[in-house]
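The chain contents come next:
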Amino acid sequence: MSSINSFTALSPNASHVVGAAASDNAPNIKIAKFAQISLNHTLSSSSLKIPAKQLGKVENLHLVSLSKQGKLKEAREFLNQMDDACVSVSPHSYECLLETCGNLKSLSDGRYFHERLGRTAKNSSGFLQNCVLRMYCDCGSLGDAQRLFDEMIERNLVSWGKIISAYAQAGFLSKSFWLFRDMLESGVKPDLLIYTGLLKYFKNPSYLEAGKQLHSHVIRGGLSSNLSVNTAISNMYVKCGWLEGAKLLFDQMADKDSVAWTGLMVGYTQAEKPKDALSLFANMVMEGVELDDFVFSIVLKACAGLEDLKLGKQIHAYIVKLGLESNVSAGTPLVDFYVKCDILDSACRAFERISEPNDVSWSAMICGFCQNDKFEEAVKTFKSLRSKGPVLNSFIFTNLFQACSALADFSLGAQAHADAIKGGLVSYLYGESALVTMYSKCGRLDYATEAFESIDAPDTVAWTAIISGNAYHGNASEALRLFGRMQNCGARPNAVTLIAVLTACSHSGLVSEAKHHMKVMRSEYGVHPTIDHYNCMIDVYSRAGLLKEAFELIKNMPFDPDKTSWKCFVGGCWTYKNLELGEIGAENLLQLDQEDTAGYVLLFNLYTSCEKWEEAAHIRKLMTERNMRKELSCSWITVKGKVHRFVVGDKHHPQTGEIYSKLEELNHSTNNNGSDILSEEDVSLCSLPERKAYALDHSERLAIAFGLISTPTNAPIVIFKNLRACKDCHDFAKHVSTITGREIIVRDACRFHHFQSGECSCNDYW
DNA sequence: CTAGGGTTAG
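Residues numbered from 1 in each chain as written. Chains lettered and ligands numbered in written order. Predicted model: local features only at pLDDT ≥ 70, side-chain atom pairs only at ≥ 80, totals over all residues. Heavy atoms only, no water.

Labelled according to an unreviewed UniProt entry, chain A appears under the name Pentatricopeptide repeat-containing protein, originating from Melia azedarach.

And the structure:
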């Protein structure tokens, strides 16, 4: 904006144009117009009639303005017009243009300007050559950079510094060192920029030895008392993992400012020694070092790591006292701190006090909503952010994908995915894994697989995401095949990966595979089993009807069984009609939680399956007495981006008539007279004694019927429901898939069911 | 005149 204004101020109609620019928002149009006017003006008013090139102050300002806006194409066109008009290009214009090429990594434009520079300014200065060199380095084209460097006659410290650090940045450290030696041999004495330019790319332990050599070189070169160089070396030691070395040097430094202190505090925080970082901060305050906003970002991170609310609040008070609360650098980590301490209110307040929140502030806030299960808030915040127009970043999208997973919002998720691709903001691994999970939780394992296969070198989390997706969609063999592939690729399974593997086994009755993975997980993968792993195993046995094994495991495992342990077990007892063990399990379950609806439902179904009618009736009575109403059951389906939600017996939908006649048509073709199985859906109605559990108008069926009449016949019907699918509706979905030939995907509270031609991917386990 | 530092994610 400022460049545009400086340009309009010079225009012949300055007041006019400035007024217009202030009232409307179309500065680009003004510039385009002016571009023509200015050239005509220059030509017609060249009263001196000098054939030689004119400098053209206004034209060059326009060029600078274009390059600052990143409009390289327009700049090239304008450059041609300037040629035609014999107006020459100033060195400063070239500097700006080349800088923009480097920033945008636009090598072709950069080469064009380089070539043009060589053509028009034969003896271009060392300064401009350095600009070109920097452009090539910034574009990552070491070949171009090297070629130019070889041609350069007037190499100065800037040239040497640039090419040396470019090789270091690209990881060619030995090449950097060769050049460094060449430089010394050619009699050039390195200055601090050479060292700092090189040191900042020493970012992992493999650079430590080289870093030490460079350090000794600094000492021999007499720069060992320079604050910036010392800070750079100390930070180099931090990044190379030698914290003691960093501290040693730090302690020797005569003068230290807040930058130096911050660097070392980062080291301690990254080494998971937040307490040491905080004691450094205490020393810093005691020594009276002037504090700035950056210091607080690392101090708050250390507090967040310790989840030390009291200390964090003290720091917060300090920030307020220094008047830094509205400062984005102090305010943003404050938001994050309160998020990590699970105080969302305070996080929101801190966010609102930031006067100019940046993308990091927004993503910290959106992340905060996600971590506190406020996914709708996260989406709302994202939408308001997008309408306001500040920069979006890859963190924000990663969080948004997570929110879409939780909300199973496929249309927003896919839209966001497209936007992220357009902006180049799908973060490697983080964003990509979030996408895999998102698509899989939205019922689209096909998209999830595609997203996974496009990941360059998937890490443990990415592999786990796709394995777990297949597990929940009932593709056990594919899950296990992926698990094998994962190991061939050298990714190490972690605790979550093994949960996914065991889940895959349990949903497909692969008992011996599950036993094997359970047995070797510690020795082969170094993963210590948790209660979640044991619960998976209990589930495996229970679903397979190996109830004695399941019961033995519950009794002998190194953890106290929790609700999940008993639920899996009782579920198996119901399926296999084992009243004796089932009662024991149910008793234990209800002892752990009297209020858990699922416990009563399981017990009721256990009794009815064993034809114990009196006991079953008793459970019903208990449920009514205890007013078991937890969560209203509902199912929903998204059609054309709009969510249609149904509850049992729902007649609120505008197309209710069509939906019910479709249902009738479908019921007509089944012999379903309802059963005695009680579903959570019936329970949620809370009118148990009156209601016959016929399940004919369950929310799931309403959603399926609506899906049939409102989606294209070749598209899968994707239904979500908040509770577990009931047996009758499961049969119903199978039936519908047969008679209509449609694929039906139902996500219930536990997993996905893919119905096709009368079969379900869950093999009737769920 | 500057350099050297930080905060967000699966």
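Once you've had a look at it, read on.
On to the overall build of chain A, then. Scanning chain A for helices and strands turns up 41 helices and 6 strands. Buried positions account for 51% of the 766 residues belonging to chain A. Expressed as a percentage of contacts within chain A between residues at least 6 apart in sequence, the contacts between residues at least 24 apart total 63%. For chain A, the accessible area works out to roughly 36600 Å², and carbon and sulfur atoms hold 52% of it. (Helix = DSSP H or I, 4+ residues; strand = E, 2+ residues; numbered from the N terminus. Buried < 20%, exposed > 50% of the residue type's maximum accessible area, 1.4 Å probe, protein only. Contact = heavy atoms within 4.5 Å. Areas by Shrake-Rupley, 256 points an atom, 1.4 Å probe, with all protein chains shown as cover.)

Looking now at the packing of helix H24 (residues 394-407) against helix H25 (residues 410-422). For the pair H24 and H25, interaxial distance at closest approach is 9 Å and the crossing angle is 165 degrees. When the axis of H24 is compared with that of H25, the two are roughly antiparallel. Taken as a pair, H24 and H25 cross one another with a handedness that is left-handed. Residue-level inspection shows Phe397, Leu400, Phe401 and Cys404 of H24 in contact with H25, the latter providing Leu412, Gly413, Ala416, His417, Asp419 and Ala420. Residue classes in the contact of H24 with H25 are distributed as 7 nonpolar, 2 polar and 1 charged. (Axes fitted to C-alpha atoms, helices over the stretch in contact; angles between N-to-C directions. Parallel < 35°, antiparallel > 145°, perpendicular 65-115°, else oblique. Left-handed = near helix turned anticlockwise from the far one by under 90°. Nonpolar A, V, L, I, M, F, W, Y, C, P; charged D, E, K, R; others polar.)

Taken together, the neighbourhood of DNA strand B is formed by 38 residues, with Leu192, Asp257, Ser329, Ser363 and Asp459 sitting nearest. Atoms of DNA strand B within 4 Å of the protein: sugar and phosphate make up 33%, bases the balance. A distance of 3.5 Å is found between a base nitrogen of DNA strand B and a side-chain nitrogen or oxygen belonging to Ser258. Note that a base nitrogen of DNA strand B is positioned 3.2 Å from one of the side-chain N or O atoms of Ser297. Of the residues contributing to the surface near DNA strand B, the split by class is 15 nonpolar, 17 polar and 6 charged. (Near = heavy atom within 4 Å. Polar contact = N/O pair within 3.5 Å; in protein donor to acceptor, adjacent residues only side chain to side chain.)

So, on to the packing of aromatic side chains. Scanning all chains against the criterion turns up 23 aromatic pairs. Between Phe483 and Tyr525, the ring centres sit 5.6 Å apart and the planes meet at 70 degrees, which makes this aromatic pair edge-to-face. Note that Phe483 is positioned in helix H29 (residues 476-488) and Tyr525 in helix H31 (residues 511-525), a separation of 42 residues in sequence. Taken together, the ring pairs in this structure connect Phe281, Phe296 and Tyr318 into an aromatic cluster. Positioned above the aromatic ring of Phe410 is the side chain of Arg444, whose terminal nitrogen or guanidinium carbon lies 5.7 Å from the ring centre. (Phe/Tyr/Trp six-rings, centres within 6.5 Å; stacked < 30°, edge-to-face > 60°. Lys NZ or Arg CZ within 6 Å of the ring centre and 35° of its normal.)

Let us look at the nonpolar core. Formed by 195 residues in total, the largest nonpolar core has its most connected members in Phe202, Met265, Phe281, Val335, Ile467 and Phe569. A total of 8 residues in this core trace back to one element, the largest contributor, which is helix H18 (residues 293-306). Here Phe281 is in contact with Met265, Leu291, Val295, Phe296, Val299, Ile315 and Tyr318, once residues within four sequence places are set aside. Judged by nonpolar contacts, the second largest core, of 23 residues, contains Ile637, Leu663, Phe732 and Ile744. (Core = buried A, V, L, I, M, F, W, Y, C linked by side-chain atoms within 4.5 Å.)

For the rest of this paragraph, the subject is the pattern of salt bridges. What the rule picks out here adds up to 25 salt bridges. Taking the shortest distance from any N to any O, the salt bridge between Glu77 and Lys73 comes out at 4.0 Å. Linking Glu77 with Lys73, this pair stays in helix H5 (residues 72-84), spanning 4 residues, or about one helical turn. Its relative accessible area of 42% is what places Glu77 among the partly exposed residues. The salt bridge involving Arg116 is made with Asp83; its shortest N-O contact spans 2.2 Å. You can see Arg116 sitting in helix H7 (residues 107-120) and its partner Asp83 sitting in helix H5, a full 33 residues away along the chain. Relative accessible area serves as the criterion here: at 1%, Arg116 is assigned to the buried category. According to the relative accessible area criterion, Asp83 is partly exposed, its value standing at 21%. Overlapping salt bridges bring together Lys563, Lys567, Asp593 and Asp596 as one network. (Salt bridge = Lys/Arg side-chain N within 4 Å of Asp/Glu carboxyl O.)

Turning to the pairing of strand E4 (residues 744-747), a few remarks are in order. By the alternation rule, side chains of E4 split into Ile744 and Val746 and Ile745 and Arg747, which are all buried. In this structure, strand E3 (residues 717-721) lies alongside E4, joined through 4 bridges in parallel fashion. Directly across from Phe720, in E4, lies its bridge partner Arg747. In terms of handedness, the path from E3 via helix H41 (residues 727-740) over to E4 forms a crossover that is right-handed. Inspection of the sheet shows E4 paired to strand E5 (residues 752-756) by 4 bridges, in the antiparallel sense. In the strand pairing of E5, Val746 is matched with His753. Linkage of E4 to E5, two consecutive antiparallel strands, is achieved through a turn of 4 residues. (Pairing = 2+ DSSP bridges. Right-handed = clockwise from strand over helix to strand, strands pointing away.)

Okay, a negative patch on the surface next. Together, Glu580, Glu583, Glu587, Glu614 and Glu615 give the surface a local cluster of negative charge. At the level of elements, helix H35 (579-592) and helix H37 (613-625) are the ones that each hand at least two residues to the negative patch. Considering every element that reaches the negative patch, the biggest residue donor is H35, with 3 residues. The residue Glu614 is located in helix H37 in this model. (Patch = residues over 30% accessible without salt bridge, like charges linked within 9 Å, V, L, I, M, F, W, Y side chains within 5 Å. Lys, Arg positive; Asp, Glu negative; His and termini not counted. Charge placed at Lys NZ, Arg CZ, Asp CG, Glu CD.)

Moving on to the pairing of E3. Of all 5 residues that make up E3, 5 are buried, and the element is covered over most of its length. The side-chain alternation of E3 yields two buried faces, one formed by Ile717, Ile719 and Lys721 and the other by Val718 and Phe720. Pairing geometry for strand E1 (residues 634-639) and E3, over 3 bridges, is antiparallel. Bridged to Ile637 within E3 is Ile719.

What follows covers the side chain of Asp650. Considering the arrangement of structural elements, one finds Asp650 in the loop between strand E2 (642-647) and helix H38 (656-668). The buried charged residue Asp650 lacks any salt bridge partner; its closest oppositely charged side chain belongs to Arg645, at an N-O distance of 6.1 Å. Here the side chain of Asp650 touches His652 through a polar contact of 2.9 Å, landing on its backbone nitrogen. The residues touching Asp650, leaving out its near neighbours within four places in the chain, are Arg645, Tyr660 and Leu702.

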